Amino acid sequence: METMIKIEDLPTVYDAKSTEEKMYKFWEEGKYFEANAKSNKPPHTIVIPPPNVTGVLHMGHALDGTLQDILTRYYRMSGYEALWLPGTDHAGLATQNVVEREIAKEGLTRHDLGREKFVEKTWEWANEHKSAILNQFKRLGASFDRSRERFTFDKGCSDAVKEVFVTLYNKGLIYKGVYIVNWCPRCMSAISDIETEYETEQGHMWEISYPLVGESGAIIVATTRPETMFGDVAIAVHPSDKKYSELIGKKVMIPLSGRQIPIIADEYVDKSFGTGAVKITPAHDPNDYEVGKRHNFTPIWVIDEEGKMKACGEVPQDLHGLDRYEAREKTVGMLSYNNFLLRIKDHEHNVGKCQRCNTTIEPLLSEQWFVKMQPLAKEAIAAVKDGRIKFIPERWEKNYLGWMENIRDWCISRQIWWGHQIPAYYHKTNGEMVVAKENPDPANYVQDADCLDTWFSSGLWPFSTMGFPNAETDDFKKFYPTTTLVTGFDIIFFWVARMITMGLEFTGKAPFSTVYIHGLIRDEKGQKMSKSKGNTIDPVQIIEKYGCDALRFTMTSLCTYGGQDIKISDERFEYGRNFANKLWNASRFVLMNLEGVDNKPIDKSKLTLVDKWILNQLNETAKLVNENMSTFRIGENAHALYDFFRSEYCDWYVEIAKIQLQDPELKANTQRVLKYVLDMSLRMLHPIMPHITESVWQLIPGTKEETAIIVSKFPVYEAELSYPNEAEEMNLVFQTITSLRNVRQSFNISTSATVDVEIRSEGREKEIFKAIESYIRKLAKVNNISYAEMNAPVPPKSATAVVSTSKLIVPLADLIDLDAEVKRQAKKLEKLTNEKNSLLGRMKNEKFVANAPKELVEQTNARIEELTIQENVIKDLIESLK
């Protein structure tokens with residue numbers, strides 16, 4: 001592709017917004033993101049962790065999306081058929097809650113609308129919002145394939161869900177059973193164990209007296225939930241607890257109720273908890289449920305799905321219909337009034353909260369659907385242990401295995417209306433149940449009212465998006481299994497573990513070979529970002545203010561291989577913006593100096609020392625960047641590319657190239673090197689900073705093999721561009737120039753003045769100095785260069801610098817007012833000496849040494865040493881000036 005450079009296309013200040021819009025449009029129109037299932041290239045597939053359809057882009061998405069895009073762009077440039085598949089999650093309960101809030105504004109509940117109308121309304125809402133968050137991802141520069149966009153509730157995903165449910169049911173791995181579940185009275189649904197978050201709360205422990213039946217005396221029971229006592233079926237004590245051994249088998253009366261229950265022995269009881277006697281309420285506590293099963297008790301429900309006391313015979317009439325907390329207060333008052341309450345103790349305990357709405361969950365005995373996880377987990381454990389799937393960083397493997405090895409059955413039914421309705425059908429007259437993909441006879445069968453947990457469908461995402469249950473589609477054959485999954489550690493159990501389980505069970509293959517876990521985004525103080533704390537940062541606002549590539553570069557540079565959490569503040573993005581501006585201005589300068597550049601390759605026979613050095617450094621950087629990509633050290637690449645482009649290419653090579661461009665002999669080849677290194681640098685930076693690199697790359701003159709940088713070939717290490725000896729020699733140039741610049745600074749030598757240098761050097765190093773004289777003259781403003789023996793006496797009134805094994809002497813007499821300089825240095829020396837004497841006085845004070853913190857004593861000693869070194873330097877300096 002031929003590009004005619006127009007300097008007027010390059011404004012002096014980089015305009016991120018218009019560049020990003022223009023470049024993204026260019027990629028979309030050119031269909032550069034679309035993957036071809038028929039190509040011969042090896043596949044590289046990433047499926048997006050589908051954001052909730054209710055979502056708006058947050059910093060977690062920005063990090064997650066940037067990392068996925070970096071991988072996708074890198075592999076696309078490295079000869080792979082790269083597919084990044086986008087989509088959204090129907091997010092069952094979360095979406096239902098949002099729509100319920102919407103209709104509440106009109107004074108309606110979902111029950112007013114009825115199920116069919118409510119689901120219709122939710123579909124409308126989902127279709128309206130489905131693309132919103134993915135459109136925000138476009139602002140991030142996401143190169144995902146929108147032609148393959150999916151939704152966890154679309155027809156394909158729904159077919160996959162039915163297929164999986166029916167198959168697991170037929171294998172006996174899905175069952176319906178009565179169990180204690182975590183019930184959210186606000187969401188009116190069961191939620192799974194891992195959707196329950198525990199918080200420590202300051203509560204109370206009430207000690208209640210249960211009178212013995214037919215004799216005097218009572219047993220004292222400690223409980224944190226007195227309102228559930230009306231559902232008690234027994235009092236349990238430990239079989240070896242001597243203080244209760246004579247009471248086992250006797251009966252007690254439940255206070256305020258008159259119902260009689262037995263005292264039983266069970267090893268579940270902890271003798272040291274409370275009084276050592278506990279009430280057993282099987283319908284409202286998972287452990288009590290197990291005890292009740294062992295002793296054949298029938299559970300008694302006393303709290304309903306709304307968290308209110310049931311209007312049943314076991315519950316005193318005064319409490320009927322009261323909220324559980326009101327009922328608790330009233331029960332305690334009634335117990336106290338009737339002398340059944342012995343005492344109240346403060347008690348700290350863990351309380352389960354619903355992850356979605358933070359309501360305290362109610363353990364409730366109810367009929368639910370479950371997946372039998374242990375048989376399914378076996379292969380999912382083996383796949384990680386035998387290396388088919390690896391976690392990066394490795395430490396997450398232990399968390400995953402620990403959880404999988406102790407896995408409990410997964411409650412998958414939710415009492416909601418929005419989601420995949422369970423494919424079980426009940427006969428209207430005889431109640432017979434049929435599990436099938438479709439209703440066997442709609443006139444006589446009615447479908448189960450419950451929906452599936454959202455994570456059930458997202459657990460199938462890597463293969464439901466590829467055409468499953470049809471394993472013969474082009475996409476399934478080409479792009480499944482996927483390559484890498486990129487996600488935060490907070491959903492390893494919710495999502496990663498379930499995808500691995502389902503993928504292995506239904507496709508016989510691990511759904512991905514690498515799980516790349518990044519840290520969570522925190523504020524600058526290390527606190528988790530949350531709306532309630534008011535410490536969130538909106539990525540769209542950051543993009544508006546600093547530019548998308550600046551956001552991407554900053555975020556990437558903050559990623560560590562260990563996946564530590566990432567602390568960010570608004571100002572940190574200045575780092576990325578400054579680098580984008582540097583990249584723009586340096587490129588602009590180089591492009592302006594490429595006028596008349598030919599299309600020929602670099603002439604290796606005409607390379608200067610500095611040309612060879614920059615090609616060597618470029619080559620070494622390419623080697624490092626490719627190694628880092630293969631080991632997921634993505635953050636380290638941001639640093640390596642920053643150092644190479646800014647320090648080596650801009651600060652050194654471009655400066656020296658200005659000199660070479662003045663030489664007609666060197667001009668053409670220097671232009672070729674400048675152009676080649678700029679081209680390759682932009683390619684290596686492209687996955688991290690896509691818009692600015694594409695924009696500049698399009699302006700590089702000459703014929704190109706590709707139409708866009710996004711599909712250009714990613715640089716790799718090439719042996720013929722390796723010049724290690726020249727790289728070593730060039731380091732001598734930099735040391736020399738840096739040393740001479742330091743001499744200027746130390747002696748306040750005017751920047752416009754030229755200096756003379758006498759070089760004392762031997763052997764190979766002397767040869768190098770002779771070869772690099774022109775660089776030294778130009779870059780360090782040196783006039784005459786002469787050579788002398790190593791041990792010749794140092795002339796008076798001169799400065800000395802040591803470089804490698806050589807010495808540089810700079811005569812100062814004609815450059816500065818020596819007397820004034822001696823006075824200036826003497827003043828500096830006096831200041832240092834005063835500070836040192838004050839610190840020495842402090843160290844002689846025994847009281848200070850005995851009482852001061854150890855760190856302060858160490859710091860003081862270190863400062864004294866530092867001052868001594870500085871004193872000696874200035875003394876030598878003054879000596880050389882006299």
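Cut-offs used in this document
- Residues numbered from 1 in each chain as written.
- Predicted model: local features only at pLDDT ≥ 70, side-chain atom pairs only at ≥ 80, totals over all residues.
- Heavy atoms only, no water.
- Buried < 20%, exposed > 50% of the residue type's maximum accessible area, 1.4 Å probe, protein only.
- Helix = DSSP H or I, 4+ residues; strand = E, 2+ residues; numbered from the N terminus.
- Pairing = 2+ DSSP bridges.
- Right-handed = clockwise from strand over helix to strand, strands pointing away.
- Patch = residues over 30% accessible without salt bridge, like charges linked within 9 Å, V, L, I, M, F, W, Y side chains within 5 Å.
- Areas by Shrake-Rupley, 256 points an atom, 1.4 Å probe, with all protein chains shown as cover.
- Salt bridge = Lys/Arg side-chain N within 4 Å of Asp/Glu carboxyl O.
- Lys, Arg positive; Asp, Glu negative; His and termini not counted.
- Charge placed at Lys NZ, Arg CZ, Asp CG, Glu CD.
- Axes fitted to C-alpha atoms, helices over the stretch in contact; angles between N-to-C directions.
- Contact = heavy atoms within 4.5 Å.
- pLDDT = per-residue confidence, 0-100.

Before going further, it helps to spend a moment on the pairing of strand 2 (residues 43-47). With respect to burial, strand 2 is a largely interior element, 4 of its 5 residues being buried. Here strand 2 runs beside strand 3 (residues 81-85); their pairing, made up of 5 bridges, is parallel. Counted as the bridge partner of I46 is W84 from strand 3. A crossover links strand 2 with its parallel partner strand 3, the connecting element being helix 2 (residues 59-77), and its sense is right-handed.

This brings us to a negative patch on the surface. A cluster of acidic residues, E116, E120, E124 and E128, forms a negative patch on the protein surface. Within the fold, E120 resides in helix 5 (residues 115-129). You can call E120 partly exposed: its relative accessible area is 44%.

Below, the discussion takes up the sheet that holds strand 10 (residues 234-237). The 4 strands lie next to each other as 11-12-10-13, forming an open sheet whose pairing is mixed. The open sheet has two edge strands, strand 11 (251-253) and strand 13 (277-280), and neither has a second partner. Averaged over all adjacent pairs, the angle separating strand axes in this sheet is 35°, with direction ignored. Here strand 11 pairs with strand 12 (residues 260-265) via 3 bridges, running antiparallel. Among the inter-strand pairings, K251 is bridged to a residue of strand 12, identified as P262.

Here we come to the environment of K31. Secondary-structure assignment places K31 in the loop between helix 1 (16-29) and strand 2. By relative accessible area, which is 52% here, K31 ends up exposed. Sequence separation of K31 and R146 is 115 residues, and the distance between their C-alpha atoms is 9.8 Å.

A word on helix 22 (residues 690-697). Of all 8 residues that make up helix 22, 8 are buried, and the element is covered over most of its length. All buried positions along helix 22 are accounted for by P690, H691, I692, T693, E694, S695, V696 and W697. Residues of helix 22 that are buried make contact with helix 1, helix 2, helix 17 (548-557), helix 18 (574-592) and helix 21 (664-685).

Right, let's get into the environment of L699. Along the polypeptide, L699 turns up in the loop between helix 22 and strand 27 (702-703). A C-alpha to C-alpha distance of 34 Å links L699 and G60, two positions 639 residues apart in sequence.

Let us look at the confidence of the model for the protein chain. Per-residue confidence for the protein chain gives a mean pLDDT of 91, with 99% of residues at or over 70. The low-confidence segment residues 1-5 (pLDDT under 50) makes 16 contacts with residues lying over four places distant or belonging to another chain.

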